[in-house]
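Given next are the chains, with one letter for each unit.
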Amino acid sequence: MPIKKSDSDSVHRFLRDEVLSTLCSKVPATMVATIFIATWVVVLFWQIVEREWLVGWYVLLSFLALERMYHAIHGCRYRGLSIEASYQRFRIEVMITALLWAFAAFFFFPEDQTEYQLLLALIVAGISSGGAITLVIDKNIAQAYSYLPLSALALRFLMCGDTSHLILFGMALVFMVILGLSIQLLGNILSKGILQRSELTAVRNRLDMILDQTPTGIFYYDLSFKIIDCNQALSDLMGVSKERLIGLDLTLLHNIEAFQILKRVVEEKNRLRYEGPYTSMLSGKEIWISAVVAPLFSNSGKIIGAIAVLEDKTKEHEVYEKYEFLALHDELTGLPNRKLLADRYRLQTAQAARNNQYSALLFLDLDKFKHVNDTYGHTVGDELLKEATRRLQMVLRQSDTVCRLGGDEFIIFLPMISSDLQESVMQVQRICEKIHRAISEPCEINGLKLYNSTSIGAVMIAGMDMGLDEVLRCADISMYHAKKLGRGITSFYEVEMDEKVKQAIKLEHRLRQAIERNELEVYYQPIVDIVGQRMKGAEALLRWKQSDGTMVSPAEFIPIAEESRLIHPIGDWLIDQVCQSIAKWQREECFVIDYVSINLSPRQVKHTNFFENTMSKIKNSGIENRAIKFEITESVLMDESEQTKAVLERFIAKGIGFLIDDFGTGYSSLSYLKRYHFESLKIDRSFIRDILTDEEDVTLVRAILDIAKEFGYRVIAEGVEKDLQREKLASMDPSIFYQGYLFSRPMDHDNFSAMLKKS
Ligand code: C2E
Ligand code: MG
Ligand code: MG
């Protein structure tokens, strides 16, 4: 790896450091040797050299040696100094030592004692060569250290002037040259080695730095599956220090699947990937990782281990899991959605078929949930759904699937109940009872106490004989049946229900066509006073005359129109027709009656803007408000909602009267008779039919007449067909009115116009 420019600084620094520490490493030993030799010098030259000089020199040299030794032992760094400055100081101290030895060579030189001269030469040569060897790493200082004492000695030999000393001078010079060359040679070799080492260290540092700052976790391992090295990111990822990771035995990994990948890479010498959960065996940290593992080869192409690069995918995985959960679950309740239900249904019915077992599917709809939502707001509605979910989960087994279809509709799939149909049905009944009980427990939401019930449609499934869509359809039909039967109950699916539903769907389709083809017509049936039989009013009745001339009874198509909400356009159309007809009759001055009554279904009353729309129709036609009256059944009054009450009161305030239709057939309390200012009670036809023969009916009619009198209501008897019936009623109360075939059947607009004109 070539050394980069950016590394040169660090190489330089490293070199200084390295040279200084190499030099320092030798200081303690050389200083001991220096003091030892200096001591010898003192002892040997005690008699020859002046003692003050000798002692002074010795003290200085020893002090310097001890000071250098002290610093060398303490890392060669002088307190408060940089490496550079420390190095300079080291050099200066070496130079002072060399000068002291040069001083000794020059001034302790005994001019006339040859043996001491040789002794001194030997000591100086030793000091110079010793210095050259120990300081060789820094050639300049090594040369200076060797040359200074030697030069002083050579100078003294030269100063003696005689031949033998001149020879010694020459020898000293030769020695200096040899020493200089050796220092040069050795110094070059050494500094090259150090430079290489420092360059390698710089490269290694750079690689370590890159490795550590790489955002992905990296580790490599050998053939015995021990981690050789790893980076900081891996340590962060695993929550384990690098020291603990390095040397880790990967064969002990708890995650077998991950280890198999590491093993296969080495065996197959191929790059492999691993993506999945990982639990660190050292820290216990749980993460989701994505790893690429590649084999590592030596220069000779032999596999020596592998390297793994890891990425933390925990966050991505969490997001993915969340989306996956949402794709299969309902966000509000966390329950499985239809897709997940379909999966489970397919698997579990297949298993049920293998075991010859019955399963069941329940279709639940919270009764009057819309009312809760409309009255208390969606937050309360949401909380109610969550509470219902919690209760359903409590009464069901783990193996059952509760799913939310949307709105307040829940599906419960009960797989593999029993291989006996009777037994299975009984079990489903028991479960349904539990559900009814759980749901009907009052629940408190935001300080409100809510009373709920649910209607359940149940379908028994033999093995896997029905697809989910079909089962859901049947369960839906039976749930509607349960609702019709009075809510809060369970209805098991029967084929006949299906027939009825199919017919209803057909009828609805035909009714839509009928509206488009103008096949609907308004008939009128007069309402007359019971004694004089003079027309006082009329009831508007819908007729559906099909293209082939056959009539469809309103009793048959009105409920379908209500269910499919077609009642709204039909009802509006009828009101419009009646208003227009009255206006026409008034213009023709034949409107001899007081009013025309129009039947309203409960749904119509609840429809938004019904009041405003109706009033504008009446106004646009130019007729008086009191020319219109509405007939409502007790079922409208049973609806306690504020909205219904308000609509009735607003109509009454506008002078539009109300007649209670089919009176006596409902079960509601009669308190409404007091609350509203209704005008008349219409005694249902069923009480009039047998009034001549059935005493009970007579008693009932009499009771109704009493009630009416008590509350100030007028009475209209419906379905009077015979004169005897009329006479009987007239004898009971001559002030009442009647409507029936006796006076007239309902007739179309033209016939009724003719009748009005005649009277
Ligand atoms: P309803 O309001 O009680 O109307 C009276 C029904 O009794 C009418 O039946 C009428 O033809 C019938 N009727 C009258 N006098 C006699 C009689 O002497 N003998 C017998 N056997 N029947 C008599 P229709 O026209 O078949 O209407 C049936 C029901 O359909 C009505 O009962 C009413 O509840 C509903 N309906 C009719 N038109 C409308 C409408 O425009 N809107 C709504 N919401 N319901 C309507
Ligand atoms: Mg009526
Ligand atoms: Mg009626």
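Residues numbered from 1 in each chain as written. Chains lettered and ligands numbered in written order. Predicted model: local features only at pLDDT ≥ 70, side-chain atom pairs only at ≥ 80, totals over all residues. Heavy atoms only, no water.

### What to know about the domain arrangement of the chain
A common way to state how big an interface is: give the accessible area lost once the parts meet.
Okay, step 1: For the chain, the domain assignment lists domain 1 (5–208), domain 2 (215–318), domain 3 (329–493) and domain 4 (519–758).
Okay, step 2: Centre-to-centre separation of domain 1 and domain 3, based on C-alpha positions: 99 Å. (Domains from an automatic or database assignment.)

### A short note on the coordination of the magnesium ion (ligand 2)
Okay, step 1: Protein-derived ligands of the magnesium ion (ligand 2) are Glu 539 (OE), Asn 599 (OD1), Glu 631 (OE) and Asp 661 (OD), with the metal-ligand distances lying across 2.0 to 2.2 Å.
Okay, step 2: Separation of the magnesium ion (ligand 2) from the magnesium ion (ligand 3) amounts to 4.0 Å, with Asp 661 serving as a shared donor to the pair. In this pair, Glu 539 is assigned in strand S14 (residues 535–545) and Asp 661 in strand S18 (residues 657–663), connecting sequence segments 122 residues apart. One exposure class covers both Glu 539 and Asp 661, and it is buried. (Donors = N, O, S within 2.8 Å, 3.2 Å for Na, K, Ca; no water. Helix = DSSP H or I, 4+ residues; strand = E, 2+ residues; numbered from the N terminus. Buried < 20%, exposed > 50% of the residue type's maximum accessible area, 1.4 Å probe, protein only.)

### Examining the site of ligand 1
Okay, step 1: In the region of ligand 1, 22 residues are neighbours, and Arg 543, Asp 661, Arg 685, Glu 721 and Tyr 741 sit closest.
Okay, step 2: Contact between ligand 1 and Asp 661: an oxygen atom at 2.8 Å from a side-chain N or O atom of the residue.
Okay, step 3: Taking 780 Å² as the accessible area of ligand 1 by itself, protein coverage stands at 84%.
Okay, step 4: Secondary structure elements with two or more residues in the shell around ligand 1: S14, helix H17 (554–563) and S18. (Near = heavy atom within 4 Å. Polar contact = N/O pair within 3.5 Å; in protein donor to acceptor, adjacent residues only side chain to side chain. Areas by Shrake-Rupley, 256 points an atom, 1.4 Å probe, with all protein chains shown as cover.)

### Some words on the packing of helix H16 (residues 495–516) against H17
Okay, step 1: Put simply, H16 and H17 touch, their axes get as near as 10 Å, and they point 90° apart. With respect to H17, the element H16 is oriented roughly perpendicular. When H16 is examined against H17, the residues Ala 504, Leu 507, Glu 508 and Leu 511 are found in contact with a partner set consisting of Glu 556, Phe 557, Ile 560 and Ala 561. (Axes fitted to C-alpha atoms, helices over the stretch in contact; angles between N-to-C directions. Parallel < 35°, antiparallel > 145°, perpendicular 65-115°, else oblique. Contact = heavy atoms within 4.5 Å.)

### A few points about the nonpolar core
Okay, step 1: Counting 78 residues, the largest nonpolar core has Val 578 and Phe 678 as the members making the most contacts within it.
Okay, step 2: Among the elements that make up this core, the one with the highest residue count is helix H18 (residues 567–587) (nine residues).
Okay, step 3: Discounting chain neighbours no more than four positions away, the residues touching Phe 678 are Ile 632, Leu 637, Leu 648, Ile 652, Phe 658, Ile 660, Tyr 672 and Tyr 713.
Okay, step 4: Listed in part, the 53 residues of the second largest apolar core include Val 49, Phe 90, Ala 98 and Leu 153. (Core = buried A, V, L, I, M, F, W, Y, C linked by side-chain atoms within 4.5 Å.)

### Some details on the sheet that holds strand S8 (residues 409–418)
Okay, step 1: Strand order in the open sheet made by the five strands is S7-S8-S6-S11-S12, with mixed pairing throughout. The sheet terminates laterally at strand S7 (401–406) and strand S12 (490–492), the two strands that pair on one side only. If you compare each strand with its neighbour and ignore which way they point, the axes differ by 25° on average.
Okay, step 2: Where S7 and S8 come together, five bridges link them in antiparallel fashion. Bridge assignment links Gly 406 to a residue of S8, and that residue is Glu 409.
Okay, step 3: Across the face of the sheet, helix H15 (residues 468–485) comes into contact with strand S6 (358–366), S8, strand S11 (454–462) and S12 while running at roughly 140° to S11. (Pairing = 2+ DSSP bridges.)

### Overview of a negative patch on the surface
Okay, step 1: A cluster of acidic residues, Glu 275, Glu 311, Asp 312 and Glu 316, forms a negative patch on the protein surface.
Okay, step 2: Looking at where Glu 316 falls in the secondary structure, it is placed in helix H10 (residues 314–328). (Patch = residues over 30% accessible without salt bridge, like charges linked within 9 Å, V, L, I, M, F, W, Y side chains within 5 Å. Salt bridge = Lys/Arg side-chain N within 4 Å of Asp/Glu carboxyl O. Lys, Arg positive; Asp, Glu negative; His and termini not counted. Charge placed at Lys NZ, Arg CZ, Asp CG, Glu CD.)

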